[in-house]
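Chain and residue survey
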Amino acid sequence: AGPSLKVISTMSVGFDHLALEEIKKRGIRVGYTPDVLTDATAELSVALLLAVCRRLPEAVEQVKNGGWTTWKPLWMCGYGLSDSTVGIIGLGRIGQAVARRLKPFGVKKFLYTGSGPKPESAEEFGAEFVPLMRLAEESDFVVVTCALTPATQGMCNKDFFGRMKKTSVFINTSRGAVVNQEDLYDALAHGQIAAAGLDVTTPEPLPTDHPLLSLRNCVVLPHIGSATYATRTTMAVLAANNLLAGLRGEPMPHELLL
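Not measured: the values here are computed from a predicted model.

Right, let's get into the domain arrangement of the chain. Splitting the chain by domain gives domain 1 (7-32 + 228-256) and domain 2 (37-65 + 77-220). For the pair domain 1 and domain 2, the summed buried area comes to about 520 Å², and 66% of that belongs to carbon and sulfur atoms. When the buried surface of domain 1 facing domain 2 is broken down by residue, Val 13, Asp 16 and Thr 231 rank first, second and third, together holding 68% of it. Put simply, domain 1 and domain 2 have 1 residue pair in polar contact (both at pLDDT 80 or more) between them. The residue inventory of the side of domain 1 that touches domain 2, partitioned by class, reads 2 nonpolar, 3 polar and 1 charged.

Below, the discussion takes up the layout of surface pockets. In this structure, the largest pocket spans a volume of roughly 1200 Å³. Thr 145, Cys 146, Ala 147, Leu 148 and Ser 174 are, among the 50 residues lining the largest pocket, the residues nearest its centre. Counted by class, the lining of the largest pocket contains 20 nonpolar, 22 polar and 8 charged residues. For the lining of the largest pocket, the domains that each give at least three residues are domain 1 (7-32 + 228-256) and domain 2 (37-65 + 77-220). Of the voids in this model, the second largest pocket is the one considered here, and its volume is about 260 Å³. Secondary-structure elements contributing two or more residues to the lining of the second largest pocket are α2 (38-53), α3 (56-65) and β9 (218-220). The residue makeup of the lining of the second largest pocket, split by class, is 12 nonpolar, 2 polar and 4 charged.

Here the focus is the pairing of strand β7 (residues 169-172). Alternating positions in β7 separate into two faces, Val 169 and Ile 171 on one and Phe 170 and Asn 172 on the other, with burial throughout. Examined bridge by bridge, strand β6 (residues 141-144) and β7 share 4 bridges and lie parallel to one another. Considered in β7, the bridge of Phe 141 is made with Val 169. Strand direction decides the pairing type here: β7 and strand β8 (residues 195-198), joined by 4 bridges, are parallel. Its bridge partner being in β8, Val 169 is matched across the sheet by Ala 195. Each parallel crossover has a hand, and the one from β7 via helix α8 (residues 181-189) to β8 is right-handed.

Helix length check: helix α9 (residues 229-247) (19 residues) gives 27 Å between terminal C-alpha atoms against 27 Å at 1.5 Å per residue, within 8%. Residues Thr 231, Met 235, Leu 238, Ala 239, Asn 242, Ala 245 and Gly 246 constitute the buried set of α9. Down the axis of α9, the buried side of the element spans an arc of 135°, and every buried residue falls inside it. Away from the buried face of α9 by more than 90 degrees, exposed residues Tyr 229, Ala 230 and Leu 247 are located. Considering only its buried residues, α9 is in contact with β1 (7-9), β2 (29-31) and α2. Gly 249, located one to two residues past α9, shows a positive phi value of around 75°.

What counts, and where the lines are drawn
- Residues numbered from 1 in each chain as written.
- Predicted model: local features only at pLDDT ≥ 70, side-chain atom pairs only at ≥ 80, totals over all residues.
- Heavy atoms only, no water.
- Domains from an automatic or database assignment.
- Buried area = accessible area lost by both parts, 1.4 Å probe.
- Polar contact = N/O pair within 3.5 Å; in protein donor to acceptor, adjacent residues only side chain to side chain.
- Nonpolar A, V, L, I, M, F, W, Y, C, P; charged D, E, K, R; others polar.
- 1 Å grid on protein atoms, 1.4 Å probe; cavity = no way out; pocket = protein on both sides within 12 Å on 5 of 7 lines; lining within 4 Å.
- Points joined across faces, edges and corners; volume = space filled by probe spheres on them.
- Helix = DSSP H or I, 4+ residues; strand = E, 2+ residues; numbered from the N terminus.
- Buried < 20%, exposed > 50% of the residue type's maximum accessible area, 1.4 Å probe, protein only.
- Pairing = 2+ DSSP bridges.
- Right-handed = clockwise from strand over helix to strand, strands pointing away.
- Expected span 1.5 Å × (residues − 1).
- Arc of directions from axis to C-beta.
- Contact = heavy atoms within 4.5 Å.

Here it is in structure tokens:
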């Protein structure tokens, strides 16, 4: 588009796919769609967590392939949320919405970490602000809902998974690059952690021969966090309105301030 490019509108809350430095240098305005996908993404995060901890994809497969036979006391047992500790990495809009939905399951304690404490946000859940490694050590469930920044890139790595309990479940619905996938594979393959659920990967789509897809204790979804009809329609309208406002030189409903 060259110098005629004045406005970019992305139909997403994330903007790590945009060349922000170059955009800023050229004085291009950027519209995005925060807030409107919070509930849908939080719902998907909880659905993924439950599917992983109660081994639902595995159980469906057992029904289909004849693995379901006589009753056995410990067959297909998983981990429950009742009386558990949940650690949330990034207590922003989506992180809070996830905690709000998990609280009625009888979670005993919420921990969170991020760039700094958020006492007003945390008060609703009695959540405690802790360092990343303490969150790894004490959480039964770790849910990643932070933005991808230089500080968060690759933060869930060998050291992090090494601190987690062998019975812990790891969920990522933020961005794939927050996780070192080779380290996650090793942790899952060697029983360092119990299971993982990912709605985001690096790259996307994940190649069908990727090692993570060979593991029974890893559930991978095709980045469908915001994929409800209502949410995607709202996002599309907002993206269009951002673009039109930008072209008219008016304030956007949601402009990314660079």
